[in-house]
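Reading the structure
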Amino acid sequence: MAECGASGSGSSGDSLDKSITLPPDEIFRNLENAKRFAIDIGGSLTKLAYYSTVQHKVAKVRSFDHSGKDAEQDHEPPYEISVQEEVTARLHFVKFENTYIEACLDFIKDHLVNTETKVIQATGGGAYKFKDLIEEKLRLKVDKEDVMTCLIKGCNFVLKNIPHEAFVYQKDSDPEFRFQTNHPNIFPYLLVNIGSGVSIVKVETEDRFEWIGGSSIGGGTFWGLGALLTKTKKFDELLHLASKGHHTNVDMLVQDIYGGAHETLGLSGNLIASSFGKSATADREFSKEDMAKSLLHMISNDIGQLACLYARLHCLDRVYFGGFFIRGHPVTMRTITYSINFFSKGEVQALFLRHEGYLGAIGAFLKGAEQDNPNQYSWGENYAGSSGLRSSPPEPCPSQRTRGGAFDLLEMDRLERPLVNLPLLLDPSSYVPDTVDLTDDALARKYWLSCFEEALDGVVKRAVASQPGSVDAAERAEKFRQKYWNKLQTLRHQPFAYGTLTVRSLLDTREHCLNEFSFPDPYSKVKQRENGVALKCFQRVIRSLDALGWEERQLALVKGLLAGNVFDWGAKAVSDVLESDPQFGFEEAKRKLQERPWLVDSYSKWLQRLKGPPHKCALIFADNSGVDVILGVFPFVRELLSRGTEVILACNSGPALNDVTYSESLIVAERIAAMDPVIHSALREERLLLMQTGSSSPCLDLSRLDKGLAMLVRERGADLVVIEGMGRAVHTNYYASLRCESLKLAVIKNSWLAERLGGRLFSVIFKYEVPAE
Amino acid sequence: MGTTLCWLGRRSHILCWRQKDVAKACRLISWRREWRHPRKMLLNQLEAVAAIPARYDDNVDLRGGRADAQSWMNFRAFPWFGMDIGGTLVKLVYFEPKDITAEEEQEEVENLKSIRKYLTSNTAYGKTGIRDVHLELKNLTMCGRKGNLHFIRFPSCAMHRFIQMGSEKNFSSLHTTLCATGGGAFKFEEDFRMIADLQLHKLDELDCLIQGLLYVDSVGFNGKPECYYFENPTNPELCQKKPYCLDNPYPMLLVNMGSGVSILAVYSKDNYKRVTGTSLGGGTFLGLCCLLTGCETFEEALEMAAKGDSTNVDKLVKDIYGGDYERFGLQGSAVASSFGNMMSKEKRDSISKEDLARATLVTITNNIGSIARMCALNENIDRVVFVGNFLRINMVSMKLLAYAMDFWSKGQLKALFLEHEGYFGAVGALLELFKMTDDQ
């Protein structure tokens, strides 16, 4: 690697490094199909955005044509599985130092196979400077976009599409980042962009924003004045100096003016009365570190104060900070946060964004892609392809950084379906899906990370086994293992890398990584087999239920739901049993269940409720394939239908573990309907509706649900929500408050979690909640 | 009762005093040795009471009887000082009585006389003390005495020498009370007591600032108005200083620029609040200038600033956008980033110390203007009064502030200035001397 950054060209750091070799597997991925480029060139970093399509293998299920055949024939799977190629859209963002710009442009030119793209949207201060280079290298016309418009478009986009995008900085806590639940309505907000100067913009809607003020004292002042005072040329080095200095040697504090009396006067003696007030003398030398620190405080405090004044004047309490002054620097986030807290007396929160550095590139891209209407889709951060947030203090010498560290990636998948809040959430703005914040809870974090590490071998084995005909399955599975293992290690050290760390995010990351290496549905065969077995038992189970008296039946139905839930490949304790003892049956599962009273037991209240009038419409989130959905959920659904309650059965849009997918549920329902007149007529009369959640996660985020499902829920006036399974009812939504009655059921299939909740393995959660009137 | 003292309510009072009872009244009052002329003094006191505007009545709580007469007769012995000990400068106002009778002069203790002579016959004291002769308020009547008010300043770092001098000159023998405000009143209280045997009467600096300002404005500047503004602030050729009548001053935003800056919203003489403050003030200007240019004094720094060009140092909007940034309605000549050009080594090597001094001055001034303007908007006040020693001999900053208030508010805000810039706290402290009761 060349002596790039260290060549001393100074502040702008734009000496070009041509010798870098880029690893195409890691950066600039999927470049072959890339179309639509946008570039944001800042003072030291370049952000490149492109839109590309990714070919994915997906497992499709298809019902056999049963006409003229006996569906109950032995050894015959209930449906067929085929692996197909599917094309999905993905946004790629790559951030690198300006020194690499030429090497990167060359790389793109060499790898860009077929593109009809003629234009590249460019923004940022450096766009003008590199215009010729870009046009020459890529033979694309550079279309300059307004910096601030791009920033705001980008900001709106990440706030809408990336949960936990915003965070507050808390000094002295571990970790220092506390992620915020995105407000369902992101507007209005204040964006304070601290570049060389400061721009304060009020954003009111997607397209309406207003520059309400600014300040010339910004990052350029810190850098310029800092360079003069300390003879240190680089911004990062200045910050590094500042982090080691003591401003009290340079600043005049309240206690310097008041002496010790500040205490009795109720003044904080440490407040700065006059920045650089002590340096008004010719006979003292001041250290570089101290001056840099004093300068940092002076500028941060000033910006914070102005931001508070503007926020107050415009009655805004959400203030996002961005710009190179902030960008990933804990030092400046800390001083800005302090200043905001001080000047607003806690009324305003300083918010930072995980993808702040990408806003301009995202915005420029969106401007260029307007005819594709990217805003009408929902997008999701791909954990497998994104590098996540770093918190290392600025490296004083960039040339010592590892090559990988010089590039930062963000990939976002276009989701098939737009996602919205479940209309039944009591308070969407305070809804937090996850039960335990592993970023916060170090003990739980340690446990779960180890748990996922230990389970990795099994997942790899399962992935290989799921593609017996594939020659490279083992190789891909090994790559998957490496990728996910690395993610887990990253999360051990930087639990905040992808927002709040939760069991859900660990599970989702695993799914993303599996997809990345073309293991779209490792459990498809297992699910197929289990569905087949369970379907065969359906009628027997129904008959035995029907033989029971009403009260007995209600309990049996609930026990069935719970027993079905024991069949879960996601839980290690269970997958071990399932692996070693395939005969592990429904009845066996029932015996494993804890006897009443359960760990959480509001069954009596539920039974009482059932004696009352039927619910209008129940929304049920299904969990596992096989026994769970067929012998647990469907009999329960059947009972509800018989009571006159309509049922919306919501299943995942895409595969995750052995969770039943929407397409599987369609087939299963069809097969059950063939056996059961109640289900049959309900389906026909649309009293039973099968819907998809829009998600491919073993957990459930009620703030990101399929729009069609949400509309139907509203239309049908759902007044009961049933959430089953550990992933959906314990790891997530355990504390979710709804506007209607809800039932959360799960069997705790993890001894650590059971212990934490004060129970034992296979303890039962039966949580029936009625909202307060 | 020999003394007839009738109070009709707290606000208005009628004094009835029979001449022949004066001597008797004086005997009732505890004798203090410096009160050589009780009779004359009492008459002065009567005059003073009549002259005191109604606003001071609240603090004079006299309800008849001997003890009250004593309080009321609480004449303050000379010398009369008011002191404001700030972070950088000590501001001292001294009232020089000009109505001393020969008899009085004869009786005057030597110490007192020498202080008076020393202060009034010099314009500089020691190496760093300076009397702002041009600010002297002549023929002022204060507390019944006629005289001149002198304005003296010296650096706060000379405070210990000052206290030492007080000790050497046996200042404590004068049995005077030293009214002091500013942070230093607290910081140096102990030293005053231990070294010079002087008890400081400590006063709140914001109270003093406002009372002092209102007082000086009410007495005027030797017949001229105290307050002024700049006409045509956005046009350098037509911009000129004009008197402003501050008779009806409320509400006003008061921006006090010393080492740091305090911003107050003042709604009436005793209803005000501190809105905010900033640590980027006069101390920052001087501190940074010293570091950047090696200068040593405020005067030197300002002199350099007057010659420099800040646009070499600052990055302007046009440096980034090539012209105006129309999307946001920003002029090309607006500063986008203070010291922004200094990010580049070539530019760092090509600027002068004068440019740096100017850029520092412009940066600090504009920032104060910006914060003040936001406060004015938030508090819904359209008059912004700038005071404090940062403005001393600093026409550049005053015009910049006048420009900034006018330009950014589209003429809605008016920047006002006062001749006695930094001395109001000290004047306020002196006024407190007249309000004191003995037990204070």
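Model, not experiment: these values are computed from the prediction. (Residues numbered from 1 in each chain as written. Chains lettered and ligands numbered in written order. Predicted model: local features only at pLDDT ≥ 70, side-chain atom pairs only at ≥ 80, totals over all residues. Heavy atoms only, no water.)

**So, the overall build of chain A**
Heads up, the condition is: Every helix listed is a DSSP run of H or I at least four residues long, and every strand listed is a run of E at least two residues long, numbered separately from the N terminus. Throughout, a residue-residue contact means that at least one pair of heavy atoms, one from each residue, lies within 4.5 Å. Shrake-Rupley sampling with a 1.4 Å probe provides the accessible areas, and residues are treated as covered by the protein chains on show and by no other component.
Check the secondary structure of chain A and you find 23 helices and 25 strands. Put simply, 74% of the contacts in chain A that link residues at least 6 apart link residues at least 24 apart. With the model as given, the accessible surface of chain A reaches about 29,700 Å², and the carbon-plus-sulfur share is 49%.

**Considerations on the overall build of chain B**
For clarity, the cut-off: Three exposure classes are used, based on accessible area relative to the maximum for each residue type with a 1.4 Å probe and protein chains only: buried under 20%, partly exposed in between, and exposed over 50%.
When you go through chain B residue by residue, the secondary structure sums to 16 helices and 19 strands. Taking all 440 residues of chain B together, the buried fraction comes to 56%. For chain B, the proportion of contacts with a sequence separation of at least 24, taken over those separated by at least 6, is 66%. When the accessible surface of chain B is split by element, carbon and sulfur atoms take 49% of a total near 18,900 Å².

**Observations concerning the packing of helix α11 (residues 473-493) of chain A against helix α12 (residues 503-516) of chain A**
All names here are of chain A. Here is the rule: For helices, the fitted axis covers only the stretch in contact; all axes are lines through C-alpha atoms, and the angles between them, taken along N-to-C directions, range from 0 to 180 degrees. Working rule for angles: under 35 degrees goes down as roughly parallel, over 145 as roughly antiparallel, 65 to 115 as roughly perpendicular, anything else as oblique. If you view the pair so one helix is near and one far, a crossing is left-handed when the near helix is turned anticlockwise from the far one by less than a right angle, and right-handed when it is turned clockwise. Under the grouping applied here, Gly and all other residues not named as nonpolar or charged are polar, the nonpolar ones being Ala, Val, Leu, Ile, Met, Phe, Trp, Tyr, Cys and Pro and the charged ones Asp, Glu, Lys and Arg.
One way to put it is that α11 packs onto α12 with a least axis distance of 9 Å and a crossing angle of 150°. Between α11 and α12, the angle falls in the class roughly antiparallel. Crossing geometry of α11 relative to α12 is assigned as right-handed. Here Phe 480, Lys 483, Tyr 484, Lys 487, Leu 488 and Leu 491 of α11 lie close against α12, whose contacting residues are Leu 506, Thr 509, Arg 510, Cys 513 and Leu 514. Taken together, the residues of the contact of α11 with α12 sort by class into seven nonpolar, one polar and three charged.

**Concerning the pairing of strand β14 (residues 349-353) of chain A**
Residues and elements named next belong to chain A. Where we set the bar: A pair of strands counts as paired when DSSP detects no fewer than two bridges linking them. A clockwise path from the first strand over the helix to the second, with the strands pointing away from the viewer, defines a right-handed crossover.
Burial within β14 is extensive, with four of its five residues counted as buried. One ladder, built from two bridges, connects strand β6 (residues 166-169) with β14; its direction is antiparallel. For Phe 167, the partnering residue across the bridge sits in β14 and is Phe 352. Bridging between strand β13 (residues 318-322) and β14 involves four bridges; their strand directions are parallel. Within β14, the residue paired with Val 319 across the bridge is Ala 350. Taken together, β13, helix α8 (residues 330-344) and β14 constitute a β-α-β crossover, and its handedness is right-handed.

**Let's talk about the sheet that holds strand β5 (residues 141-144) of chain A**
All names here are of chain A. In space, the seven strands of this open sheet follow the order β5-β4-β1-β2-β3-β16-β15, with mixed pairing throughout. With one partner strand each, in any of the chains shown, β5 and β15 (379-381) form the two edges of the open sheet. Neighbouring strand axes in the sheet, compared pairwise and without regard to direction, differ in orientation by 30° on average. In the sheet, strand β1 (residues 35-41) pairs with strand β4 (residues 119-123) via four bridges, with the strands oriented parallel. For Ile 39, the partnering residue across the bridge sits in β4 and is Ala 122. Sheet strands touched by helix α3 (residues 147-161): β3 (79-97), β4, β15 and β16 (408-414). Its angle to β15, the strand with the most contacts, is close to 80°. Along the sheet, helix α19 (residues 662-675) makes contact with β2 (45-63) and β3, crossing β2 at roughly 15°.

**Concerning the sheet that holds strand β18 (residues 383-387) of chain B**
All names here are of chain B. Spatial ordering of the open sheet is given by β12-β11-β19-β18-β13-β14-β15, a layout of seven strands whose pairing is mixed. Strand pairing shows two members of the sheet lacking a second neighbour, β12 (240-243) and β15 (271-278), which therefore form its edges. Adjacent strand axes in the sheet meet at a mean angle of 30°, parallel and antiparallel pairs treated alike. Note: strand β13 (residues 252-257) against strand β14 (residues 261-268), six bridges, orientation antiparallel. Its bridge partner lying in β14, Met 252 is registered against Val 266. Sheet contacts for helix α9 (residues 205-219): β11 (227-231), β13, β14, β15, β18 and β19 (414-418); angle to β13, the most-contacted strand, approximately 110°.

**Quick notes on α3 of chain A**
The test is simple: Working rule for helices: expected span equals 1.5 Å times residues minus one. Any N or O atom pair separated by 3.5 Å or less is treated as a polar contact, with the protein-specific requirement of one donor-capable and one acceptor-capable atom, and with residues adjacent in sequence counted only for side-chain atom pairs.
For α3 of chain A, which comprises 15 residues, the first-to-last C-alpha distance of 21 Å matches the rise-based estimate of 21 Å (1.5 Å per residue) to within 8%. Looking at where α3 of chain A begins, the residue whose side-chain oxygen comes 3.3 Å from the main-chain nitrogen of Met 148 of chain A is Asp 146 of chain A.

**Remarks on the confidence of the model for chain B**
Counted only if it meets this: One number per residue, pLDDT, summarises how confident the predictor is, and it ranges from 0 to 100.
Of all residues in chain B, 82% have pLDDT values of 70 or greater, and the mean over the chain is 84. A low-confidence stretch, residues 1-74 of chain B (pLDDT under 50), is modelled with 99 contacts involving residues beyond four sequence positions or located in other chains.

**Points about the pairing of strand β4 (residues 89-97) of chain B**
Residues and elements named next belong to chain B. The buried fraction of β4 is high, at nine of nine residues. Burial along β4 is two-sided: the face carrying Leu 89, Lys 91, Val 93, Phe 95 and Pro 97 and the face carrying Val 90, Leu 92, Tyr 94 and Glu 96 are both buried. Relative to β4, strand β3 (residues 80-85) runs antiparallel, the two sharing six bridges. Residue pairing in the sheet places Trp 80 in a bridge with Phe 95 of β4. Two successive antiparallel strands, β3 and β4, enclose a turn made up of three residues. Pairing of β4 with strand β8 (residues 145-155), which is carried by nine bridges, proceeds in the antiparallel orientation. Looking across to β8, one finds that Pro 97 is bridged to Gly 147.

**Regarding the packing of aromatic side chains**
What counts, and what does not: Working definition: a ring pair exists when centres of Phe, Tyr or Trp rings (six-membered ring for Trp) sit within 6.5 Å. Plane angles under 30 degrees give stacked, over 60 give edge-to-face, the rest tilted. Two conditions define a charge sitting above a ring: the NZ of Lys or the CZ of Arg must be within 6 Å of the ring centre, and it must be within 35 degrees of the ring normal.
As enumerated under the stated definition, the model contains 50 aromatic pairs over all chains in all. Between Phe 187 of chain A and Tyr 189 of chain A the ring centres are 6.1 Å apart and the planes differ by 15°, which places this aromatic pair in the stacked class. For the pair Phe 187 of chain A and Tyr 189 of chain A, a shared accessibility class is recorded, and that class is buried. A network of ring pairs unites the aromatic residues Phe 167, Tyr 169, Phe 177, Phe 179, Phe 321, Phe 352 and Phe 496 of chain A as a single cluster. Positioned over the ring face of Tyr 734 of chain A is Lys 767 of chain A, at 3.8 Å from the centre of the ring. Looking at Lys 241 of chain B, its charged tip hangs above the ring of Tyr 228 of chain B, at a distance of 4.1 Å from the centre.

**Re unusual backbone geometry**
If a residue is not glycine, its phi is most likely negative; likewise, a peptide bond is most likely trans. Of note, the amide linkage connecting Arg 596 of chain A to Pro 597 of chain A takes the cis form, showing an omega dihedral of -5°. By secondary structure assignment, the location of Pro 597 of chain A is in the loop between α16 (586-592) and β18 (600-601). The linkage connecting Phe 78 of chain B with the following residue, Pro 79 of chain B, adopts the cis geometry, with an omega of 0°. Structurally, the position occupied by Pro 79 of chain B is in the loop between α3 (66-72) and β3. For Asp 172 of chain A, which is not a glycine, the phi torsion comes out positive at approximately 65°. Tracing the backbone shows Asp 172 of chain A in the loop between β6 and β7 (177-179). Its identity is not glycine, yet Cys 143 of chain B carries a phi of approximately 55°, on the positive side. Looking at the element boundaries, Cys 143 of chain B is found in the loop between β7 (137-142) and β8.

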